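# Results of the structural survey
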Amino acid sequence: LARHLQKEAQSQHNNSEFTEDQKKTIAKIATCLELRSAALQSTQSQDEFKLEDLKKLEPILKNILTYNKEFPFDVQPVPLRKILAPGEEEHLEFEEDDEEGGAGAGSPDSFPARVPGTLLPRLPSEPGMTLLTINIEKIGLKDAGQCIDPYITVSVKDLNGIDLTPVQDTPVALRKEDTYVHFNVDIEIQKHIEKLTKGAAIFFEFKHYKPKKRFTSTKCFAFMEMDEIKPGAIVIELYKKPTDFKRKKLQLLTKKPLYLHLHQTLHKD
């Protein structure tokens, strides 16, 4: 239903019986349905989009042609974007300036796709177990100022590229200046470090919106392996897309020294 509503919200003016304001409301309802879908599939938190919330949308949808009140939830419609599962966009396009992509290994989605800005809270502490908070400070890119609505998708994968925790998306970047996109956002890794399988890695996929193609694309990615988990600052290299979760054929994004800047905090009970 979310996808059908999204399609209607994105239809051209002369092909639709809805006004632009009505389309925005429809797109917001689609976003809420995506959130409810993610909540149903998540085992992490009970504070997500609830059934009672969903029921508030029914009268709006039924009366969409006459509805003119404020939308009950503070969500953003996703204008002119396709809703894609993580990795799905890799099969749709290549950027004009780097046709030679690496070997992408998509992973089966064992956790739900999440809309941007869906960070999860820190897990409860357990005696003798360590939790990791990663602050994503900034990313260096030669064309940083040209990236539209940039955000980073964070996932934890095993050696086969299978998700070990739910995927999280940062909110859209705080600001862009010179050759940096600044985030300054904390990611709570959703598994105690001791419970991660050998060879696991934490992936960071930098995504941005491409107006010509009307969808969000992965520009580059970086990853951090288990032996790099230690308190303090760390910079990690950027690789060409498509994201290679199996880490078999890695190609640096550029010869220039461009990095993802992170700061790690370990919490041990």
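Everything in this summary refers to the structure shown in the same document. What you see is a predicted model; the values in this text were computed from it and never measured.

## Points about the pattern of salt bridges
Inspection of the entire model under this criterion finds 8 salt bridges. Where Glu 188 meets Arg 122, a salt bridge forms, and the shortest distance between an N and an O atom there is 3.2 Å. Highlighted residues: Glu 188 in strand β5 (residues 180-188) and Arg 122 in the loop between α4 (58-62) and β1 (130-140), separated in sequence by 66 residues. Since its relative accessible area comes to 11%, Glu 188 is described here as buried.

## Focus on the packing of aromatic side chains
Within the structure shown, the criterion is met by 7 aromatic pairs. By way of ring pairs, the aromatic residues Phe 203, Phe 221, Phe 223, Tyr 239 and Phe 245 are connected into one cluster. Seen from the ring of Tyr 180, Lys 138 lies directly overhead, with NZ or CZ sitting 4.1 Å from the centre. Just above the ring of Phe 223 sits the side chain of Arg 247; from NZ or CZ to the centre is 5.9 Å.

## As for the sheet that holds strand β6 (residues 201-210)
The sheet built from 5 strands is open, its strands ordered β3-β2-β6-β7-β9 with antiparallel pairing. What marks the edges here is a single partner per strand, and that holds for β3 (168-169) and β9 (239-240). Relative to β6, strand β2 (residues 148-157) is paired through 8 bridges, and the arrangement is antiparallel. Pairing of Ile 148 across the sheet is with Tyr 209, part of β6.

## Quick look at the sheet that holds strand β8 (residues 232-237)
What the 5 strands build is an open sheet, ordered β4-β5-β1-β10-β8; its pairing is antiparallel. The strands lining the two open edges of the sheet, one partner per strand, are β4 (175-177) and β8. The mean inter-strand angle of the sheet, taken between neighbouring strand axes irrespective of direction, is 25 degrees. Across 7 bridges, the pairing between β1 and β5 is antiparallel. Each residue of the ladder has a partner; that of Gly 140, found in β5, is Tyr 180.

About the cut-offs
- Residues numbered from 1 in each chain as written.
- Predicted model: local features only at pLDDT ≥ 70, side-chain atom pairs only at ≥ 80, totals over all residues.
- Heavy atoms only, no water.
- Salt bridge = Lys/Arg side-chain N within 4 Å of Asp/Glu carboxyl O.
- Helix = DSSP H or I, 4+ residues; strand = E, 2+ residues; numbered from the N terminus.
- Buried < 20%, exposed > 50% of the residue type's maximum accessible area, 1.4 Å probe, protein only.
- Phe/Tyr/Trp six-rings, centres within 6.5 Å; stacked < 30°, edge-to-face > 60°.
- Lys NZ or Arg CZ within 6 Å of the ring centre and 35° of its normal.
- Pairing = 2+ DSSP bridges.
- Axes fitted to C-alpha atoms, helices over the stretch in contact; angles between N-to-C directions.

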